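# Notes for the structure review
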Amino acid sequence: MKLIVAMIRPEKLNDVLRALYKIDVRGFTTSKVEGHGAEAEVVQTYRGTTVKMTLNEKVRLEIGVSESFVEPTVEAIMSAARTGEVGDGKIFVLPLDKVYRIRTGEEDAAAVTPVPLSI
Ligand SMILES: Nc1ncnc2c1ncn2[C@@H]1O[C@H](COP(=O)(O)OP(=O)(O)OP(=O)(O)O)[C@@H](O)[C@H]1O
Ligand SMILES: [Mg+2]
């Protein structure tokens, strides 16, 4: 299992969520964050204080997936979040040791698999 953490443009969130829905990825967390990429900036010193670099608003997406979902999930984010301009974001893929679904006690792959609606 992997935890996929992606920083994306806020205006791309809906496109990314739509792409994830299409490949049956249902469980995720989003948060508003501020960050900085690889861009070099002129660091200015004003009265002895170094002016900090500017931060950009991004959305952080966290998605726990089983192995077979890793590649499709990364590809879905890559294509839905890309504009081709600097600042499109980053995707990190982290090892994920354990997942528990609290309601059922299910673990790991069973706990990240979408549950069919019981209607
Ligand atoms: N090395 C990093 N570690 C943690 N977060 C990062 C890192 N690089 C970028 N981020 C996060 O991703 C956001 C978007 O980064 P950004 O797209 O500017 O990356 P970049 O490497 O500068 O690529 P680009 O050249 O396309 O701008 C940042 O605002 C920050 O939140
Ligand atoms: Mg950048």
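Residue positions within a chain follow its written sequence, with the count starting from 1. Working convention: letters from A go to chains and numbers from 1 go to ligands, in the order in which they are written. In view of the model being predicted, local features appear only for residues whose pLDDT reaches at least 70, and side-chain atom pairs are presented and counted only at 80 or more, with totals across whole chains, interfaces and linings using the full set of residues. Each side-chain value is worked out from all heavy atoms of the structure, with water and hydrogens disregarded.

## Re the pattern of salt bridges
Only one rule defines a salt bridge in this text: a Lys or Arg side-chain nitrogen within 4 Å of an Asp or Glu carboxyl oxygen. By the definition in use, this model includes 9 salt bridges. Among the salt bridges present, the one from Lys 2 reaches Glu 67, with a minimum N-O distance of 3.5 Å. One end of the pair, Lys 2, is in strand β1 (residues 2-8); the other, Glu 67, is in helix α2 (residues 67-81), and 65 residues separate them in sequence. Whether a residue is buried, partly exposed or exposed follows from its accessible area with a 1.4 Å probe, protein chains only, as a fraction of its type maximum: under 20%, in between, or over 50%, in that order. The class for Glu 67 is partly exposed, based on a relative accessible area of 46%. Close ionic contact of Arg 18 with Asp 15 constitutes a salt bridge, the shortest N to O distance being 3.3 Å. One end of the pair is Arg 18 and the other is Asp 15, both in helix α1 (residues 13-22) and 3 residues apart, which spans about a single turn. What emerges from the salt-bridge pattern is a single network uniting Lys 12, Asp 15 and Arg 18. For the purposes of this entry, the term helix denotes a DSSP run of H or I that reaches at least four residues, the term strand denotes a run of E that reaches at least two, and both are numbered from the N terminus.

## Re the packing of α1 against α2
Comment: axis = line fitted to C-alpha atoms, over the contacting stretch for helices; angle = value between 0 and 180 degrees taken between N-to-C directions. Their axes nearest at 9 Å, the elements α1 and α2 cross at an angle of 150 degrees. In this structure, α1 crosses over α2, and the sense of that crossing is right-handed. The residues of α2 that touch α1, namely those facing Asp 15, Val 16, Ala 19 and Leu 20, are Thr 73, Ala 76, Ile 77, Ala 80 and Ala 81. Here the residues of the contact of α1 with α2 sort into 7 nonpolar, 1 polar and 1 charged. What makes a crossing left-handed is the near helix being turned counterclockwise from the far one by less than a right angle; a clockwise turn instead makes it right-handed. Contacts are residue-level and defined by heavy atoms, with any inter-residue pair within 4.5 Å sufficient. Basically, the charged four are Asp, Glu, Lys and Arg, the nonpolar ten are Ala, Val, Leu, Ile, Met, Phe, Trp, Tyr, Cys and Pro, and anything else, Gly included, counts as polar.

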